[in-house]
Amino acid sequence: MSSNNNHCKSCSNERGSGEICNGHSVRGLRRLSNKDRLRTFLQLFKRDDRVLVLIVADPDSMGSAFAIKRLLSRRVTEVVIAYCNQIKRLNNIAMREILKIPMQPLRGTKRDEFTKFILVDSQPTHKKELNNIPFDAVIDHHPLADGWDAPFMDIRPEYGSVCTMMAEYLKSAGIKPSMALATALFYGIKVDTKNFTAKACTQDIRVFQALFKRINQYWLSKIEKSDMRKSELKYFKIALTEMKFKKKRIFAHIGKLSNADVLVLIADFFTHVHEVGWVIISGQVGEKLIIILRCDGYKKDAGKLAQNFLSQYGPAGGHKQSARAELPIKNLPENFRENFNTASLIRLFMQHLK
Ligand SMILES: [Mn+2]
C-alpha cells in the first residue's frame, strides 16, 4: 500500500517483463566497465556547475543521493539534494537525522539556481513533479520506462538497489565512504532487498559485505528500530487489554484512531507470539473500518481471505502473509455498523476461518 506505486517493488517487478531498451545510451553504458561509466558520468560536470539531485525520498534514494553528493562535492560548486515527496516514515526521518543527510524539499527550491539535474532511484515519468525537469543524468534500477531521455542514463533493473550502483561509482573513483555514508548505503541495500529476501544480484551482496566494516552498527540499529511514535504506545495498551484468543488466532479491535499505521505495528507485534497462526486487528479511522490481517502463510492466505470475503464491503487485498481492508462502515452488514468491538470482529471472521 505504498503511496507511490512506481516505487513499490512488487509493481516494478510486474513491469519488469516489458523492459524496453529504447535508449541507445543505456545499451552503450551497459557495455561500459565501472571505470568508464564513472568517467562518462563525471564528464557531464564543470567546476562552476550547481547540481540538483532529485529523489523520491526512501532509504535507497537517500543513500544514493548522499553518495552522489560525495562523488561530486569537490568537482562542482554546489550539490543540493531535493526530495519531492513527504517524508512520513519514522525510519526515514531517523536515517536523515542520525546520518545527517543534507536535503531539502523540492517545493521551495529555486530551479533556476541550478545548472545540472540528476535523478536517482526513479525515472522522469514516475512522478509528475519530475516530468518537466531536463535531467542530465538518470541513475536507477527500476525497469526502463518509456517516454523520456537523458544524456546520461544508467538503468540496471537487475540490481537490488541503487545504493549498490553508487557504491561501485565511489569505488571506481577511489573514494572510501565515511561512516555515515557507508551506513546510509548499507541501510538502502537492506531495505530495497528486504534483507536479501527480495530481488538482489551478486553485486548487491558483494557491496553489502564490503560496506559492512565501515558502518556504524548503533546508528543502523536505531534507524531500523525507529518505527513507533511515543503517542502510539497507548494503542498497544488497548490491544493487550482487548486481545482475544480463538483457536490459535488473535483478534483485537482498537477503537477509533486518527491514523491506521499503528494497527500494522500492533498486528506485526502479535505475529511474534508462539503458535499463533492468524492475527486480525481492526480500528476505526473516520468512517472506515480498517482491518489488518497477518498469518504465517502456511496453508493460509491472508490476501485471498481479504479478497474473497472482505472485498464485498470495500477495498481489500494483499499478499499471502499480510493483507488489509478499508471498509466504509455503511457497507457493513447492519448489525456490524454500531458499537463495533472485538467480539464483532470475531463474529465477522469466524464464519470464514475454518
Ligand atoms: Mn530503489
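These numbers were taken from a predicted model, which means no experiment stands behind them.

Thresholds applied
- Residues numbered from 1 in each chain as written.
- Predicted model: local features only at pLDDT ≥ 70, side-chain atom pairs only at ≥ 80, totals over all residues.
- Helix = DSSP H or I, 4+ residues; strand = E, 2+ residues; numbered from the N terminus.
- Expected span 1.5 Å × (residues − 1).
- Buried ≥ 20, exposed ≤ 12 C-beta atoms within 10 Å, placed from the backbone.
- Contact = placed C-beta atoms within 7 Å.
- Pairing = 2+ DSSP bridges.
- Domains from an automatic or database assignment.
- pLDDT = per-residue confidence, 0-100.
- Core = buried A, V, L, I, M, F, W, Y, C linked by C-beta atoms within 7 Å.
- Axes fitted to C-alpha atoms, helices over the stretch in contact; angles between N-to-C directions.
- Parallel < 35°, antiparallel > 145°, perpendicular 65-115°, else oblique.
- Left-handed = near helix turned anticlockwise from the far one by under 90°.

**Details of helix α8 (residues 179-192)**
Stage number 1. With 14 residues, α8 should cover 20 Å at 1.5 Å per step; its first-to-last C-alpha distance of 20 Å lies within 8% of that length.
Stage number 2. By the burial criterion, the buried members of α8 are L181, A182, T183, A184, L185, F186, Y187, G188, I189, K190, V191 and D192.
Stage number 3. In this structure, the buried residues of α8 make contact with α4 (59-72), α5 (90-98), α7 (162-172), α9 (202-212) and α10 (217-225).
Stage number 4. Phi turns positive, to about 45°, at K194, one or two residues after α8.

**Some thoughts on the sheet that holds strand β3 (residues 104-105)**
Stage number 1. Spatially, six strands are ordered β3-β2-β1-β4-β5-β6 in an open sheet, and the strand pairing comes out parallel. Two strands in the sheet have a free side with no partner beyond their single neighbour: β3 and β6 (152-155).
Stage number 2. With six bridges connecting them, strand β1 (residues 50-55) and strand β2 (residues 78-83) associate as parallel partners. Within β2, the position partnered with L54 by the bridge is A82.

**Observations regarding unusual backbone geometry**
Stage number 1. Phi is positive for F196, which is not a glycine, with a value near 65°.
Stage number 2. Tracing the sequence through the fold places F196 in the loop between α8 and α9.
Stage number 3. Judged by the 13 C-beta atoms lying within 10 Å of it, F196 falls in the partly exposed class.
Stage number 4. The phi dihedral of K299 is positive, around 55°, even though this residue is not glycine.
Stage number 5. Mapped onto the secondary structure, K299 falls in the loop between β10 (288-295) and α13 (302-310).

**Side note on the environment of P177**
Stage number 1. As for its position among the elements, P177 is in the loop between α7 and α8.
Stage number 2. Each C-alpha atom, one on P177 and one on I215, is 9.4 Å from the other, the two residues being 38 residues apart in sequence.

**Concerning the domain arrangement of the protein chain**
Stage number 1. Domain parsing of the protein chain yields domain 1 (5-225) and domain 2 (231-350).
Stage number 2. One C-alpha centre belongs to domain 1, the other to domain 2, and the line joining them spans 36 Å.

**A short note on the confidence of the model for the protein chain**
Stage number 1. Residue-level pLDDT values for the protein chain average 90, and 91% of them are 70 or greater.
Stage number 2. Within the model, pLDDT remains below 50 along residues 1-25, and this stretch shows 33 contacts once partners closer than five positions in the same chain are excluded.

**So, the environment of G147**
Stage number 1. Within the element layout of this structure, G147 appears in the loop between β5 (137-140) and β6.
Stage number 2. Its 9 C-beta neighbours within 10 Å are what place G147 among the exposed residues.

**Section: α7**
Stage number 1. Summarising burial for α7: nine of the eleven residues are buried, a large majority.
Stage number 2. Buried residues of α7: V162, C163, T164, M165, M166, A167, E168, Y169 and L170, and no others.
Stage number 3. Where α7 ends, the next residue or the one after it, G174, has phi of about 70°, a positive value.

**Focus on the nonpolar core**
Stage number 1. With 58 residues, the main nonpolar core has V53, L54, I55, I118, M166 and L185 as its most contacted residues.
Stage number 2. Looking at which element gives the most residues to this core, the answer is α8, with eight residues.
Stage number 3. Of all hydrophobic cores here, the second largest spans 34 residues; its members include F270, L310, A316 and F349.

**Here's the deal with the packing of α4 against α7**
The relative placement of two packed helices is expressed as an angle between their axes plus a distance between the axes.
Stage number 1. As a packed pair, α4 and α7 sit with axes 8 Å apart at the nearest point and diverge in direction by 15°. In terms of their interaxial angle, α4 and α7 are classed as roughly parallel. In terms of crossing hand, the pair formed by α4 and α7 is left-handed. Two secondary-structure elements touch here, α4 through D60, S61, G63, S64, A67, I68, R70 and L71 and α7 through V162, C163, M166, Y169 and L170.

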